[in-house]
Amino acid sequence: MKIVINPQYKNLSHFVHELPQNFDNTGKVLHQGRNQVKAFQVEGYNIVVKRYKRPNLIQRVIYTFFRPSKACRAYNFAFQIQNLGINTPEAIAYIEINRHGLFSDSYFVSLQCEDAPLFPILVNTPLYDKKLARNLALHIVELHKRGFFHGDLNLANILYREDNGSTYFTFIDTNRSHFIKQPSQKTCLKNLMRVTHRTDLLRDIVQTYAQQRGWNANLCREKVEAMLHHFERKRARKYQIKKVLNLTR
């Protein structure tokens, strides 16, 4: 078992070392899906622990010999993101467990962010807050200029808070992120593609983003919508293939 702990949180060492055997029976479930996320209170800290889904055999080989695990990337990326002046929960530790010589399970431990999620207020509201959407678009411009590209830039992974007339954004679930110093326009627009499936909101965000970059807003909207349509068709085909394979087993 490999355990890496942020030196600032060495006082949490016992909690981290005991996580693999205690995770299933302790903590409060925040998300139960492909991955499981739980909240803990330890020594005055509000902590979030994410246990990633156990990978298949091929992925286990890849994570053992060729590529850092999701937990490792989440931990290391947190420092890189903060060094760029971008908000993300502070990393506490990560854990990797091998079984029979191959990677098996991993955990990422961070401080809990108390900011509110963007998804409900922008997507589930008929008349969404256009000022908030504009502020988000302008913030994404800054992310891209600093070279940060969230690997799953959707509203479920963006938190926000408002303080003294200013809006602050925090990014979570960053293990698939990329850092690109001189991104192309296509790379930037492709990153915007999955912000939301709500068409009017996406168009507003892309338009504000494009105008801020000095790009043709109408053309950028068309490109993003085409990318999204292609992505959705590809995902639908992939789902159908998986469905057929499951039925034939």
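Residues numbered from 1 in each chain as written. Predicted model: local features only at pLDDT ≥ 70, side-chain atom pairs only at ≥ 80, totals over all residues. Heavy atoms only, no water.

Student: So what's going on with the sheet that holds strand S3 (residues 36-42)? Which residues, and what values?
Tutor: Read across the open sheet, the six strands follow the order S1-S5-S6-S4-S3-S2; overall the sheet is antiparallel. Whereas interior strands pair on both sides, the edge strands pair on one side only; in this sheet they are strand S1 (2-5) and strand S2 (28-32). Neighbour-to-neighbour, the strand axes of this sheet turn through a mean angle of 20 degrees, independent of strand direction. Taken together, the seven bridges between S3 and strand S4 (residues 45-51) define a ladder with antiparallel strand orientation. Each bridged residue has a counterpart across the sheet, and for Phe40 the counterpart in S4 is Ile47. (Pairing = 2+ DSSP bridges. Helix = DSSP H or I, 4+ residues; strand = E, 2+ residues; numbered from the N terminus. Axes fitted to C-alpha atoms, helices over the stretch in contact; angles between N-to-C directions.)

Student: Can you explain the domain arrangement of the chain? Please cite residues and give values.
Tutor: Size of an interface: often given as the accessible area lost when the parts come together. Partitioning the chain into structural domains gives domain 1 (2-111) and domain 2 (116-237). Inter-centroid distance (C-alpha atoms) of domain 1 to domain 2 is 26 Å. Contacts between the two partners involve 14 residues from domain 1, matched on the other side by 14 residues from domain 2. Both faces combined, the contact of domain 1 with domain 2 buries some 1200 Å², and carbon together with sulfur accounts for 58% of it. The largest share of the area that domain 1 buries against domain 2 comes from Leu84, Ile86 and Asn87, three residues that together contribute 40% of it. A salt bridge links Lys50 to Asp173, with the nearest nitrogen and oxygen atoms 2.7 Å apart. Ranked by residue count, the leading element in the side of domain 1 that touches domain 2 is helix H3 (residues 70-83), at six residues. (Domains from an automatic or database assignment. Contact = heavy atoms within 4.5 Å. Buried area = accessible area lost by both parts, 1.4 Å probe. Salt bridge = Lys/Arg side-chain N within 4 Å of Asp/Glu carboxyl O.)

Student: Give a detailed account of the pairing of strand S6 (residues 102-111), specifying residues and quantitative values.
Tutor: Each regular strand displays side chains that alternate between the two surfaces of the sheet. Judged by how many residues are buried, S6 sits mostly within the fold: nine of 10 residues are covered. Relative to S6, strand S5 (residues 91-99) is paired through eight bridges, and the arrangement is antiparallel. Bridge pairing in S6 links Ile95 to Tyr107. (Buried < 20%, exposed > 50% of the residue type's maximum accessible area, 1.4 Å probe, protein only.)

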